[in-house]
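Tertiary structure, described
Listed below, chain by chain, are the residues.
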Amino acid sequence: MAGGLAALLDDVAALAKLAAASVDDVGAAAGRASAKAAGVVVDDTAVTPRYVAGVTAERELPIVKRIATGSIRNKLFLILPVALLLSQFLPWLLTPILMLGATYLCYEGAEKIWEKVSHRHTPALPATLRGPDAEEQVVRGAIRTDLILSAEIMVIALNEVADEPFVTRTVVLIVVAFLITAVVYGVVALIVKMDDVGLHLSERRSASARWVGLLLVRAMPTVLAFLSTLGVIAMLWVGGHIILVGIDELGWSWLYDQVHHLEEAVGDATGALNEVTAWLVNTLSSALLGLIVGAVVVAAVSVVRRFRRQSGSSAADA
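Structural notes, computed from the coordinates. (Residues numbered from 1 in each chain as written. Predicted model: local features only at pLDDT ≥ 70, side-chain atom pairs only at ≥ 80, totals over all residues. Heavy atoms only, no water.)

Re the pattern of salt bridges
Selection criterion: Criterion for a salt bridge: a side-chain nitrogen of Lys or Arg within 4 Å of a carboxyl oxygen of Asp or Glu. In this text, helices come from DSSP runs of H or I with a minimum length of four residues, and strands from runs of E with a minimum of two, each type numbered from the N-terminal end. Note on exposure labels: buried denotes an accessible area under 20% of the residue type's maximum, exposed denotes more than 50%, and partly exposed covers the range between, all computed with a 1.4 Å probe on protein chains only.
Per the stated rule, a full pass over the model turns up 1 salt bridge. Residue E108 is joined to K112 by a salt bridge in which the shortest nitrogen-to-oxygen separation is 3.3 Å. Of the two residues, E108 and K112 are both situated in helix α4 (residues 94-118); the distance of 4 residues between them amounts to about one turn of the helix. Exposure remark for E108: the relative accessible area of 17% places this residue in the buried category. Classification of K112 by relative accessible area gives partly exposed; the value is 30%.

Right under this line is the structure:
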């Protein structure tokens, strides 16, 4: 009896160790996958605050909460099943799909740069001036944009754990979905309320509190502008890097090899800083490739739009 109990305890201990190891593996895989998606997370965090511009202060956090809830639904009920089915039955499609998403990111980044250079950007009216249904429109628009960015995040994460067992892949993607959503919309909530915090501090009796409050209020436009710029850079960098690695995986290795040789050459020339400079070379090369790809797509979209306008005008004249 004692021997049987000891054997049972040994089995329980072994199962506990196996479970702990599995949790460690899932945690490590989720960490790797989340790190790979960091560039898109920066873009998502930079994009979202504009959806609450012009919204009354008491509705900012509820709107962010609604968008975050929609983001979780996007990830768990739309993107996750499709991604898992593809990884299980058509894994070779992951790289082309990832590259298509990366091309869209490059297009978005290049379009924002073109709007800035050509002064064609027209600021949207604040939500408070768009009528009673403005909040619903804001939330729907944000959730649609989130669907694209979330798909990119989840496919990047899946690509990082594509060789793991099916159950591990599922658990990792669920962890990534909740982790990324919490990080993105937690930061967004902090950003959109920072000016309110500053305003509250500026009304305190303490001189130091008033100084900090005024600093926050004055700094927020600069912070939002910086986040917007960072988001554009992140889109070009992430999109370009995915395309660079993707074309190498598809068998067209020349461009990837050239960037790798350039990394090595610059790294050898900078000695102790070789890892940093090699990363900078790869990042700049990826961003440049992203800008080129995005510019080509922007030009193609412009031609198509112009052709449609001309066709519409001809049809109207006829």
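Considerations on the packing of helix α6 (residues 166-202) against helix α7 (residues 207-249)
We count it as follows: Each axis is a line fitted through C-alpha atoms, taken for helices only over the stretch in contact, and angles between the N-to-C directions span 0 to 180 degrees. If an angle is under 35 degrees, it is roughly parallel; if it is over 145, roughly antiparallel; if it lies from 65 to 115, roughly perpendicular; otherwise it is oblique. Note: crossing handedness is left-handed where the near helix turns anticlockwise from the far helix by less than a right angle, and right-handed where it turns clockwise. Contact definition: two residues touch when any of their heavy atoms are within 4.5 Å. Any residue outside Ala, Val, Leu, Ile, Met, Phe, Trp, Tyr, Cys, Pro, Asp, Glu, Lys and Arg is labelled polar, Gly included; the first ten of those are nonpolar and the last four are charged.
Relative to each other, α6 and α7 sit at 160°, their axes nearing to 6 Å. Taken together, the axis directions place α6 and α7 in an arrangement best described as roughly antiparallel. Crossing handedness for the pair α6 and α7: left-handed. Between α6, through I191, M194, D195, V197, G198, L199, L201 and S202, and α7, the contact on the second element is made entirely by A209, R210, V212, G213, L214, L216, V217, M220, L224 and L227. Classifying every residue of the contact of α6 with α7 by side-chain character gives 13 nonpolar, 3 polar and 2 charged.

Focus: a nonpolar patch on the surface
Just so we agree on the cut-off: Any residue with relative accessible area above 30% and no salt bridge may belong to a patch, with like charges joined within 9 Å and the nonpolar Val, Leu, Ile, Met, Phe, Trp and Tyr side chains within 5 Å. Areas reported as accessible are Shrake-Rupley estimates using a 1.4 Å probe. Residue values count occlusion only from the protein chains shown.
Taken together, the side chains of I113, W114, V117, L288, L291, I292 and V296 make up a nonpolar region of the molecular surface, amounting to roughly 630 Å² of accessible area. Listing elements by their share of the nonpolar patch, those giving two or more residues are α4 and α9 (274-317). When residues in the nonpolar patch are grouped by element, the largest group, 4 residues, is from α9. Residue position: L288 is located in helix α9.

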